[in-house]
Amino acid sequence: MAFLADALKRVKPSATIAITQKARDLKAQGKDVISLSVGEPDFDTPDNIKEAAIAAIRRGETKYTPVAGIPQLREAVVGKFKRENGLDYKPSQAIVSTGGKHVIYNALLATLNPGDEVICVAPYWVSYPDIVQLCGGKATFANTRIEDNFKLQPAELERAITPKTKWVIMNSPSNPSGAAYTRDEMKKLTDVLMRHPHVWVLSDDMYEHLVYGEFQFVTPAQVEPGLYERTLTMNGVSKSYAMTGWRIGYAAGPQQLITAMDTVQGQQTSGTSAISQWAAVEALNGTQDHLPVFKKAFERRRDLVVSMLNQTRGLKCPVPEGAFYVYPDCSALIGKTMPNGKKIETDEDLVLGLLETESVAAVHGSSFGLGPNFRISYATADETLEEACRRIQRFCAELR
Ligand code: PLP
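Bear in mind that the values here come from a model prediction, so they are computed numbers and not experimental data. (Residues numbered from 1 in each chain as written. Predicted model: local features only at pLDDT ≥ 70, side-chain atom pairs only at ≥ 80, totals over all residues. Heavy atoms only, no water.)

## Remarks on unusual backbone geometry
Along the chain, A122 connects to P123 via a cis peptide bond; the corresponding omega equals 0°. Relative to the assigned elements, P123 resides in the loop between strand 3 (117-122) and helix 5 (127-134). With omega at -10°, the peptide bond leading from S172 into P173 counts as cis. Although it is not a glycine, N149 adopts a positive phi angle of roughly 55°. (Helix = DSSP H or I, 4+ residues; strand = E, 2+ residues; numbered from the N terminus.)

What follows is the structure in structure tokens.
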């Protein structure tokens, strides 16, 4: 339609949202659908955080806030980065936005000119390339391999960098693969970046706290202080505090960048919800007692799902270090035929077949830029996951 902006032609609707909607429609028709497509914890927001929000409402904290966030939250963000990541920022170097997604949007809108490239590491979170394109930049890609547990290798990062590269987006633990980098692995990547001083680093650390076993999370500016002046370290409360609906994300970085993001945000939202900001102050400063509970449940579910998928005909599933996703390879099933006679040509055919015949919703790998694979979110009850995996096993066993 001529009325719509050209920019819209460069954006595709989120595949994860589309599959989730299709699952909802089937459920409304009475089907017993198991949805493993959404990226949010099944836990409720901890009570201390809810109480902090209620108290804020009662105190009348219901007005506009400073655009970049209330001082108490910017202080809490600075405290978090110091305490957990060893990074030093002034409160003026921190900004709070309407979810982690909005932080990324602000950073790219404030910095991209036409032709500027942003490297996305495949498999990537579905929104990165679309946000880059909406902001007028060009998404480019660095690839990973299942043999490396979907971790970016230094030579591939080197290959992806061009004179036009403005940013590389790092995401550890990753959505959709769950892969997270050890300090040594991260250092090898930051060594590459040190050789390319024109490249900025956007580190999306949304899943920082959701790592399992003995794994130690690290973020690029912590591993390589030489990158501090060109790194935006981004995080949020959505996943670690089960606060997806509160819409709070935050970041810290060089002053000039944060000031530019503040300017952009001032003409977009005027800042995010005051009540959610007070809840986030409690999330960051208050007790972290819920975290071991979340982690224990997620680790148990990860192990259950990986084990059942690896016993499924035609699937290969590495053990991810973190987040709440697995990303099995289904290349051995491409070319097979379903009992209804339909041939599976792509991972999208497989995911649609699985939804239609076994009522299990997963998301196809092609939407994350690397396949044939599919993504399962295991942020759901153990019994539901077991039943879903049994259905996946049956579906795969019946392919000819
Ligand atoms: N970054 C990654 C890797 C994510 O998976 C998500 C949410 O799915 C976000 C950012 C956005 O988080 P928020 O809901 O806080 O906008």
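That was the structure; now back to the text.
## Section: a nonpolar patch on the surface
A contiguous nonpolar surface patch, about 350 Å² in accessible area, is contributed by F3, L4 and L8. Tracing the backbone through its elements, the reader meets F3 in the segment before helix 1 (15-28). F3 gets classed as exposed once you look at its relative accessible area, which sits at 72%. (Patch = residues over 30% accessible without salt bridge, like charges linked within 9 Å, V, L, I, M, F, W, Y side chains within 5 Å. Areas by Shrake-Rupley, 256 points an atom, 1.4 Å probe, with all protein chains shown as cover. Salt bridge = Lys/Arg side-chain N within 4 Å of Asp/Glu carboxyl O. Buried < 20%, exposed > 50% of the residue type's maximum accessible area, 1.4 Å probe, protein only.)

## Focus: the nonpolar core
L108, L202, L232 and L309 are the most contacted members of the largest nonpolar core, which has 80 residues in total. In this view, L202 contacts I104, A107, L108, W167, V168, I169, M170, L232 and M234; residues no more than four positions away in its chain are not counted. Listed in part, the 27 residues of the second largest apolar core include F81, A94, I248 and A280. (Core = buried A, V, L, I, M, F, W, Y, C linked by side-chain atoms within 4.5 Å. Contact = heavy atoms within 4.5 Å.)

## Structural notes on the sheet that holds strand 7 (residues 231-236)
What the 7 strands build is an open sheet, ordered 2-8-7-6-5-3-4; its pairing is mixed. Only two strands of the sheet have a single partner each, and these edge strands are strand 2 (94-97) and strand 4 (138-143). On average, adjacent strands in this sheet sit at an angle of 25° to one another, irrespective of strand direction. Direction of pairing for strand 5 (residues 165-171) relative to strand 6 (residues 200-204): parallel, over a ladder of 5 bridges. Residue pairing for strand 6: V168 is matched across the bridge by V201. Along the sheet, helix 3 (residues 71-85) contacts strand 2, strand 7 and strand 8 (249-252); its crossing angle with strand 8, the most-contacted strand, is approximately 65°. Along the sheet, helix 9 (residues 255-266) contacts strand 2, strand 5, strand 6, strand 7 and strand 8; its crossing angle with strand 2, the most-contacted strand, is approximately 30°. (Pairing = 2+ DSSP bridges. Axes fitted to C-alpha atoms, helices over the stretch in contact; angles between N-to-C directions.)

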